[in-house]
Amino acid sequence: FNKATSLPSHKAFPRRLGMVVFDVKSMREYMFGQFGLPLFFSVSLWPFKELEFSTLYDTAAIFIILLFNLLGLGVFAKLAEHFHDGKAIFLTGALAFATPVWFYSKAIYPESIFWVILVGALYLVLVKRTYWLAGLIMGYAILIKPGYALCGVILLVYLARAANWRRALQYAVPFMVF
């Protein structure tokens with residue numbers, strides 16, 4: 001066992017009747033995760049494609065996440081303006097989001113993108129009344145992490161509860177496409 005694992009180009013896996021040795025260099029790696037986050041970064045990092053060092057890509061990605069979080073705070077402020085006590089709602093929401101937003105904006109996590117998508121969808125539904133676009137971006141959130149579908153379903157139930165089936169359908173069709 002020690003001899004097989006000490007070789008740098010091989011990896012040993014224990015098996016019931018012995019040891020199986022695989023040549024790791026000849027194996028291909030396939031991503032089985034969601035492709036929403038790589039899709040986001042392939043579009044947002046496209047202007048930085050001429051950078052020579054890979055560490056600059058990481059820096060640019062974290063900078064884009066930080067800018068995206070600041071955009072989310074701006075959208076949240078616009079959303080809070082449309083309620084009776086907008087400043088109190090903004091301060092409460094900003095304090096509630098402060099820990100996860102600033103923690104997640106220092107690294108590449110899907111949560112930092114999702115909360116901006118969620119706040120944007122709420123803004124589109126509650127203020128702009130653009131239901132199809134809200135459904136589209138909430139559907140994209142499912143591509144980032146499948147568990148985010150629950151927030152999209154809750155928004156759909158909110159629209160259906162208002163007994164306006166046309167609005168709920170305008171939201172649901174793009175949402176269900178994803």
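Every value quoted in this text rests on a predicted model; they were computed, and no experiment measured them.

Here helix 7 (residues 149-161) crosses helix 8 (residues 165-177) at 160°, and the two axes come no closer than 8 Å. The angle between the axes of helix 7 and helix 8 places the two elements in the roughly antiparallel class. In this structure, helix 7 meets helix 8 at a crossing whose hand is left-handed. Mapping the contact onto sequence places Ala149, Gly152, Val153, Leu155, Leu156, Leu159 and Ala160 in helix 7 and Trp165, Arg167, Ala168, Tyr171, Ala172, Phe175 and Met176 in helix 8. Residues that form the contact of helix 7 with helix 8 fall into these classes: twelve nonpolar, one polar and one charged.

Further remarks concern the packing of aromatic side chains. For the structure on display, the rule yields four aromatic pairs. Each ring, one from Tyr171 and one from Phe175, has its centre 5.6 Å from the other, and the planes form 15°; the classification is stacked. Highlighted residues: Tyr171 and Phe175, both in helix 8, separated by four residues, approximately one helical turn. Take Tyr171 and Phe175: they sit in the same class, and that class is buried. Taken together, Phe40, Phe41 and Phe68 form an aromatic cluster joined through their ring pairs.

Reading guide: rules and limits
Residues numbered from 1 in each chain as written. Predicted model: local features only at pLDDT ≥ 70, side-chain atom pairs only at ≥ 80, totals over all residues. Heavy atoms only, no water. Axes fitted to C-alpha atoms, helices over the stretch in contact; angles between N-to-C directions. Helix = DSSP H or I, 4+ residues; strand = E, 2+ residues; numbered from the N terminus. Parallel < 35°, antiparallel > 145°, perpendicular 65-115°, else oblique. Left-handed = near helix turned anticlockwise from the far one by under 90°. Contact = heavy atoms within 4.5 Å. Nonpolar A, V, L, I, M, F, W, Y, C, P; charged D, E, K, R; others polar. Phe/Tyr/Trp six-rings, centres within 6.5 Å; stacked < 30°, edge-to-face > 60°. Buried < 20%, exposed > 50% of the residue type's maximum accessible area, 1.4 Å probe, protein only.

Geometry only, nothing functional implied.
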